[in-house]
Amino acid sequence: MPATNFASACSAATSSGVSARPALLEGWVHSTETFGTADGPGIRYVLFLSGCPLRCQYCHNPDTWHRQDGTLTPVEDVLADIGSYRGFIRANGGVTLSGGEPLVQARFCKAVLQGCKAMGLHTALDTSGYLGDLADDELLANVDLVLLDIKAASGRRYHQLTGVELKPTIKFAEDLAAINKAVWLRYVLVPGLTDNLDEIESLATFAAGLGNVERVDVLPFHKLGEHKWRDRGLDYRLERVEPPSQEMLETVRQTFRAAGLLAH
């Protein structure tokens, strides 16, 4: 299916009588995944964008931290590629914008999301919420589901883990609740870092009170991206941390369930 044209047309003539060339909207694309099943409901096309202000200790994609880690790509090309998979993802899936942090490129995200909705596709935004103020009403109107990654349950722990403050994410969560935007909360369980049950109980109470959290995904910490840290000469501080046990995962899921939330 041909892509919807989102280039900004400049039709007005310049003072010299020569028309300005249309501005081409481009974004830094890191990679794509087709037939994804872990980033929203159904079978999904996942667009990974480059650029992220967080420096999570457990990040498995440090190769997405900087915009220039990706390839500068016109929005028309992105939408044309998504359109080629429309027949597979429209019935029981959709498109997820991930990263990195997609809201680093909020204008590009908005254009992609608008194009996806024009094709009748379900859309999801996978975000930490730290840049939630950049998600304006027009952008969110084209998002069906927000996958909100809350990295830690206390401000002190969040800063220790990510290098940034928790407050903007909490505000974004509250803003989404105010417009009743569907949210799937994601929480990565890291032994010794994010496994404090008192803090998790506090987060569960907060999430349940929002009223728009459809489910919680408790995700086990893994080290699949450790080699990327080494390849970039970065200090991987979690080298000796092991994934959580199934018992601990179930305990944390039960903590969310006790607050009235559906947890997986």
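Up top you'll find the structure we're talking about.
Predicted, not measured: the structure shown is a model, and the values here were computed from it.

Trainee: Is there a simple way to explain the side chain of serine 50 in this structure?
Mentor: When you line up the elements, serine 50 lands in the loop between strand S2 (43–49) and strand S3 (71–74). Residue serine 50 is classed as buried on the basis of its relative accessible area of 0%.

Trainee: Could you clarify how one ought to interpret the state of the cysteines in this entry?
Mentor: Within the structure shown, the criterion is met by 0 disulfides. Left unpaired, cysteine 56 is separated from the closest cysteine sulfur, that of cysteine 59, by 6.2 Å. Cysteine 56 sits in the buried class, given a relative accessible area of 7%. A relative accessible area of 15% means that cysteine 59 is categorised as buried.

Trainee: Sorry, what's going on with the pattern of salt bridges here?
Mentor: Side chains that differ in sign of charge can pair as their charged atoms come close. Within the structure shown, the criterion is met by 13 salt bridges. In this structure, the salt-bridge partner of lysine 171 is aspartate 133, at a minimum N-O distance of 3.1 Å. Of this pair, lysine 171 sits in helix H6 (residues 167–178) while aspartate 133 sits in the loop between strand S5 (122–127) and helix H4 (137–141); the two residues are 38 residues apart in sequence, bridging distant segments of the chain. For aspartate 133, a relative accessible area of 61% corresponds to the exposed category. Note that arginine 157 is salt-bridged to glutamate 199, the shortest N-O span being 3.8 Å. Remark: glutamate 199 occurs in helix H7 (residues 197–210) and arginine 157 occurs in helix H5 (residues 155–162); sequence separation between them is 42 residues. Of the two residues, arginine 157 and glutamate 199, both sit in the buried class.

Thresholds applied
- Residues numbered from 1 in each chain as written.
- Predicted model: local features only at pLDDT ≥ 70, side-chain atom pairs only at ≥ 80, totals over all residues.
- Heavy atoms only, no water.
- Helix = DSSP H or I, 4+ residues; strand = E, 2+ residues; numbered from the N terminus.
- Buried < 20%, exposed > 50% of the residue type's maximum accessible area, 1.4 Å probe, protein only.
- Disulfide = S-S within 2.5 Å.
- Salt bridge = Lys/Arg side-chain N within 4 Å of Asp/Glu carboxyl O.

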